[in-house]
Amino acid sequence: MKNKYTTIFVSLLATLAGMAPFAISHAETPLELVIEKVAPRSNVQIAIVPFAGAESISNIITNDLTNLGKFALDTKLPETPYSSDKVTLPVWQHQGVPYLVVGNTSTNRGEVEIKFEVIEVSTGKILQGVHTVKSKNTQQALRMAGHKVADKIYEILTGVSGDFSGKIAYVVETGAGKNKVSRLIVSDVDGYNPVTLREIKGTISGLTPSPDGRKIIYTQQTIGYPVVFIADIQSQKSSALTPYRANNFSASFSPDGSQILFSSDLHGNPEIYLMSVGGGQPQRLTNHPMADIAPNWSPDGKSFLFTSDRQGNNRPQVYRYTFASNSIQQVTKSGSYNTNGRFNHDGTKMTFLSGTNQGAVMNLQTGSVSPVNNAGLSEPPNFSPNGNHLIYSNRHVININSDGKTVSISPSQNGVVKGTIREPIWLKASN
């Protein structure tokens, strides 16, 4: 039998589980991003000389590394070399910029080849040699090539893989009540090239990316029970994973993408279930009088987070289930309302909702918690694939927070219908 908290948690789901010399097609200049909050900037500066043959690619790279990334741009260019052998090193050493990026493009049988170098100015060393990214000669492909170049530069200078060539996905809601329309949108990280994967009259929530960045699982509710769906980004098709006569919601992929965890009241009370993506009989993992919802699989596959009000005081907490021992430990501290824990890329941190309108990040090794403003949408922020950025909604824009600096992206500038933006997630590049 359902207890009084079952209804609370099922309704909670709707808000909880729930940004030239060559004949080259030019990518557009990036959006005018609005920097809302500026913390002390990184001391690491970088000068990016416009790439010979395609300056617009340089604009995309600059936007990724400085607006979305952690670098400060040095805009003073005493010269504009397109390769390292054209650089007058003493001139740049006098300027004091630590790193210099130069590059050029060429075309061959309709394919664009982008060559670039990252130079350590103090020594003149070319870091990791000459790099090459190839692209089709189309606007969309060249934009993605620019993101890939930015990824490589980020990796060279930080030792961490860049994730600018991934995708972001989010829901845009218009109307209310019976007239609510939800659209599942996927776009480039900077908001360009938006595509509608799904449009329904009802609610879409609980977005979670697959480990390879090619798919999204989400909960859809139109008339009747909520159902977990899986969307393929390339084919733009969705299919139901949980066609059971029950409330099925808030799913999470296993690290290898072959299984999902989800919450369902299939046997009367919301519990966490395990099943294969290919189908089959769900296996119940939790069994408690209070509702267990919002599972999130750990990156190492050994445990998962979930939300439950196991203390029975209508102040749910985040718990951790360990597969090897079938044991459960409370992660968040009692006394406040803490829900929807989500791991970062290496399992050392989690985002969660503290109270009903404040996103937060917890260091799972020290227990320290940092607040993140997410405009009171009852949603936690999400990590980017490399864990260095947070993404969340500010109602009508998508916020990306990097090292305390927050940048806002407005999807409507790229033709997406205006509405309330919910649950943005950042997907890994699916190369």
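Thresholds, definitions, all that
- Residues numbered from 1 in each chain as written.
- Predicted model: local features only at pLDDT ≥ 70, side-chain atom pairs only at ≥ 80, totals over all residues.
- Heavy atoms only, no water.
- Axes fitted to C-alpha atoms, helices over the stretch in contact; angles between N-to-C directions.
- Helix = DSSP H or I, 4+ residues; strand = E, 2+ residues; numbered from the N terminus.
- Parallel < 35°, antiparallel > 145°, perpendicular 65-115°, else oblique.
- Left-handed = near helix turned anticlockwise from the far one by under 90°.
- Contact = heavy atoms within 4.5 Å.
- Nonpolar A, V, L, I, M, F, W, Y, C, P; charged D, E, K, R; others polar.
- Salt bridge = Lys/Arg side-chain N within 4 Å of Asp/Glu carboxyl O.
- Buried < 20%, exposed > 50% of the residue type's maximum accessible area, 1.4 Å probe, protein only.
- Pairing = 2+ DSSP bridges.

S.K.: Hey, could you go over the packing of helix H2 (residues 55-68) against helix H4 (residues 139-158) for me, with residue numbers and the actual values?
M.R.: Between H2 and H4, the least distance of the axes is 8 Å, while the angle of their chain directions is 45°. The angle between the axes of H2 and H4 places the two elements in the oblique class. Crossing handedness for the pair H2 and H4: right-handed. Residue-level inspection shows Ile 57, Ile 60, Ile 61, Asp 64 and Leu 65 of H2 in contact with H4, the latter providing Leu 142, Arg 143, Gly 146, His 147, Val 149, Ala 150, Ile 153 and Tyr 154. Partitioning the contact of H2 with H4 into residue classes produces nine nonpolar, two polar and two charged.

S.K.: Describe the pattern of salt bridges, naming the residues involved and giving the relevant values.
M.R.: For the structure on display, the rule yields eleven salt bridges. Close ionic contact of Lys 134 with Glu 113 constitutes a salt bridge, the shortest N to O distance being 4.0 Å. Note that Lys 134 is positioned in strand S7 (residues 131-136) and Glu 113 in strand S5 (residues 111-120), a separation of 21 residues in sequence. A salt bridge links Glu 199 to Arg 183; the shortest N-O distance between them is 3.6 Å. Of this pair, Glu 199 sits in strand S10 (residues 195-201) while Arg 183 sits in strand S9 (residues 181-188); the two residues are 16 residues apart in sequence, bridging distant segments of the chain. Looking at Arg 183, the relative accessible area reads 16%, which means it is buried. Shared partners join several salt bridges into a network, and the residues in it are Glu 173, Lys 180, Glu 379 and Arg 422.

S.K.: Mind laying out the environment of Gly 280, listing which residues take part and the relevant values?
M.R.: Relative to the assigned elements, Gly 280 resides in strand S18 (residues 279-284). Gly 280 sits 39 residues away from Leu 241 along the chain, and the two C-alpha atoms are 9.8 Å apart. Residues in contact with Gly 280, not counting those within four places in the same chain, are Tyr 244 and Met 275.

S.K.: I'd like a rundown of the sheet that holds strand S19 (residues 292-297), residues and numbers included.
M.R.: Read across the open sheet, the four strands follow the order S19-S20-S21-S22; overall the sheet is antiparallel. Bordering the open sheet on either side are S19 and strand S22 (327-330), each of which pairs with just one other strand. Mean inter-strand twist for the sheet, computed between neighbouring axes without regard to direction, equals 30°. Sheet analysis places strand S21 (residues 317-322) next to S22, joined by four bridges and oriented antiparallel. Bridging from a neighbouring strand, Arg 320 pairs with Gln 329 of S22.

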